[in-house]
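Examination of the molecular architecture
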Amino acid sequence: MAKESICMIYFLIPVFNEEVNIPVLAANLKKYGTESSFFVFSDDGSIDRSRQAIAEEFGMHSFVILGDGSNHGPGHAFQLGFEWILNHASDSDKIVTLEADNTSDLDILPIMLTLVELKYDLVLASPYAQGGGFSQTSALRKLLSFFANMIFRLAFDIKVLTLSSFYRVYRVSIVRQVKSRFGRVIAEKGFLCMLEILVKIIATRGNIIEVPMILHSDKRAGKSKMKMLRTSMEYVRFLLLSRILRK
């Protein structure tokens, strides 16, 4: 009798100077360090001991550290990780993307994984969904995020509430379809990358659902890597130039 193949879970985690956050991240992820999980760290030119910390904390698990030592932006880090996973994964496998700074609530991950098993292509962790929210996030950042989400939902007829969160679960098959249709999974190098892949999955008619999440900014050691002015300008450019949904 043929052995049943294992459905793998690939954790794709972009990293930029997260040395102080890695030990807590490893402790939080320890329950997922099984034979069916693989940790893909995409290092975006860290100049601290992030790579060494990953090797020390995840040495007992299956993992890889990607990156050429230069800082390109989170979009480049995600693209590098997605490409690596597509070259190693089967269509039935899952990809979990999350922040390295411990702001993602792993308590809801079992629910997100179950929803993918129910044939959803993408599950979003949303602080805007009923039951979600923010912990110690500045009023300015929440306000800018709210208006950006509202504008893009109207412009692209997006029904989901959160557009830019890193914390998601994808079916590998939908990511492969995005690459087949658009040539690459992500072209944007900055934080706009999460909106880009979301819009591409919508254009590919993927099934999407949200689950509520509390964004725990208070659990982050150090400052956020997002530059609000630069990111806002990227959103404006994307809004004016994007033709993704017309393809």
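Here the structure is shown first, and the text comes after it.
Below is a summary of the structure that appears in this document. In this numbering scheme, every chain counts its residues from 1 along its sequence in written order. A pLDDT threshold of at least 70 governs which residues receive local features in this predicted model, and a stricter bar of 80 or more applies before side-chain atom pairs are shown or counted, although totals over entire chains, interfaces and linings include all residues. With hydrogens and water excluded, all non-hydrogen atoms of the structure serve as input to the side-chain values.

Points on a 1 Å grid, built from protein atoms alone, make a cavity when a 1.4 Å probe fits but cannot get out and make a pocket when they are open with protein on both sides within 12 Å along at least 5 of 7 lines; residues with an atom within 4 Å of a point are the lining residues. Grid points are joined across faces, edges and corners, and a volume is the space filled by probe spheres set on the points. As a volume, the second largest pocket reaches approximately 190 Å³. Every residue lining the second largest pocket is counted, twelve residues in all, and those nearest its centre are Asn28, Ser104, Asp105, Leu106 and Asp107.

The next thing to look at is the pairing of strand E1 (residues 9–15). Under the scheme applied here, a residue whose accessible area is under 20% of the maximum for its type counts as buried, over 50% as exposed, and between as partly exposed, the area being computed with a 1.4 Å probe on protein chains only. Each helix is a run of H or I in the DSSP string that is no shorter than four residues. Each strand is a run of E no shorter than two, and both are numbered from the N terminus. When you tally the buried positions in E1, you get seven out of seven residues, the bulk of the element. Taken together, E1, helix H1 (residues 22–29) and strand E2 (residues 37–43) constitute a β-α-β crossover, and its handedness is right-handed. Sheet topology note: the E1/strand E4 (residues 94–97) ladder contains four bridges and is parallel. Directly across from Ile9, in E4, lies its bridge partner Lys94. For a crossover, the right-handed case is the one in which the path from the first strand over the helix to the second runs clockwise, viewed with the strands pointing away from the viewer. Note: two strands are recorded as paired if DSSP finds a minimum of 2 bridges between them.

Turning next to the nonpolar core. Only buried residues count toward a nonpolar core, which is a set of Ala, Val, Leu, Ile, Met, Phe, Trp, Tyr and Cys residues joined through side-chain atoms within 4.5 Å. Among the nonpolar cores identified, the biggest contains 38 residues, and Val40, Phe82 and Tyr170 are the most heavily contacted of them. Those elements that provide at least two residues to this core are E1, E2, strand E3 (63–66), helix H3 (74–86), strand E5 (122–126), helix H6 (172–182) and helix H7 (193–203). Counting residues per element, this core draws most heavily on H7, at eight residues. The next biggest cluster of nonpolar side chains, apart from the first, holds 31 residues, and it includes Ile9, Phe11, Ile13 and Ile108.

What follows covers the sheet that holds E2. Spatial ordering of the open sheet is given by E3-E2-E1-E4-E7-E5-E8, a layout of seven strands whose pairing is mixed. What marks the edges here is a single partner per strand, and that holds for E3 and strand E8 (208–212). Here the strands of the sheet are splayed against their neighbours by 20° on average, with no regard to which way each runs. Of the pairings in the sheet, the one linking E4 to strand E7 (residues 168–171) comprises four bridges and is antiparallel in character. Note that in E7 the partner of Thr97 across the bridge is Arg168. Note on definitions: a residue-residue contact is assigned when non-hydrogen atoms from the two residues lie within 4.5 Å. Here an angle of 0 to 180 degrees is reported between the N-to-C directions of two axes, which are lines fitted to C-alpha atoms, with helices fitted over the stretch in contact. Docked against the sheet, H3 engages E1, E2, E3, E4 and E7, running at close to 155° with respect to E1.

Moving on, we come to empty space enclosed by the protein. If you roll a probe as big as a water molecule over the atoms, it shows you where there is empty space left. Applying the stated criterion to the full structure yields one cavity of 30 Å³ or more. Volume-wise, the largest cavity comes out at about 30 Å³. Lining the largest cavity, in full, are Ser42, Asp43, Asp44, Gly67, Asp68, Ser70, His72, His76 and Leu80. Looking at the lining of the largest cavity, the elements with two or more residues in it are E2 and H3. Polar here means any residue outside two lists: the nonpolar Ala, Val, Leu, Ile, Met, Phe, Trp, Tyr, Cys and Pro, and the charged Asp, Glu, Lys and Arg; Gly therefore counts as polar. Here the residues of the lining of the largest cavity sort into one nonpolar, five polar and three charged.

Side-chain rings of Phe, Tyr and Trp (the six-membered ring for Trp) are treated as a pair once their centres are within 6.5 Å; stacked means planes under 30 degrees apart, edge-to-face means over 60, and tilted covers the remaining angles. Per the counting criterion, the structure on display carries ten aromatic pairs. Each residue in the set Phe11, Tyr32, Phe39, Phe41 and Phe58 is aromatic and connected to the rest through ring pairs, giving one cluster.

With respect to the helices and strands, the residue Asp101 is situated in the loop between E4 and helix H4 (109–117). Between the C-alpha atoms of Asp101 and Val24, which are 77 residues apart in sequence, the distance is 8.7 Å. Distance and chemistry together define a polar contact, namely a pair of N or O atoms within 3.5 Å, with one atom able to donate a hydrogen and the other to accept it when in protein, and with adjacent residues in sequence counting only for side-chain atoms on both sides. A distance of 2.8 Å separates a polar atom in the side chain of Asp101 from a polar atom in the side chain of Thr103.

Next up on the list: the pairing of E7. Burial along E7 is two-sided: Arg168 and Tyr170 and Val169 and Arg171, pointing in opposite directions, are all buried. Across three bridges, the pairing between E5 and E7 is antiparallel. The residue of E7 that forms the bridge with Leu122 is Tyr170.

This paragraph deals with the packing of H6 against H7. Two elements in contact, H6 and H7, have axes separated by 10 Å at closest approach and are oriented at 90°. Classified by the interaxial angle, the pair formed by H6 and H7 is roughly perpendicular. Across the interface between the two elements, Ile174, Val178, Arg181 and Phe182 of H6 pack against Lys200, Ile201 and Ala203 of H7. Split into classes, the residues belonging to the contact of H6 with H7 amount to five nonpolar, no polar and two charged. Orientation categories follow fixed angle ranges, with anything under 35 degrees roughly parallel, anything over 145 roughly antiparallel, 65 to 115 roughly perpendicular, and all other angles oblique.

What follows deals with the pattern of salt bridges. Salt-bridge detection follows one rule: a side-chain nitrogen of Lys or Arg within 4 Å of a carboxyl oxygen of Asp or Glu. Taken as a whole and judged by the stated rule, the model has seven salt bridges. Of the charged contacts in the structure, one is a salt bridge between Arg49 and Glu19, with a shortest N-O distance of 3.6 Å. Within this pair, whereas Arg49 is found in the loop between E2 and helix H2 (50–57), its partner Glu19 is found in the loop between E1 and H1, the two being separated by 30 residues in sequence. For Glu19, a relative accessible area of 26% gives the class partly exposed. The salt bridge involving Glu117 is made with Lys94; its shortest N-O contact spans 2.6 Å. On the criterion of sequence distance, the pair formed by Glu117 in helix H4 and Lys94 in strand E4 is long-range, its members being 23 residues apart. Residue Glu117 is classed as partly exposed on the basis of its relative accessible area of 48%. Among the ionic contacts, a cluster of salt bridges with common partners joins Glu19, Arg49 and Glu56.

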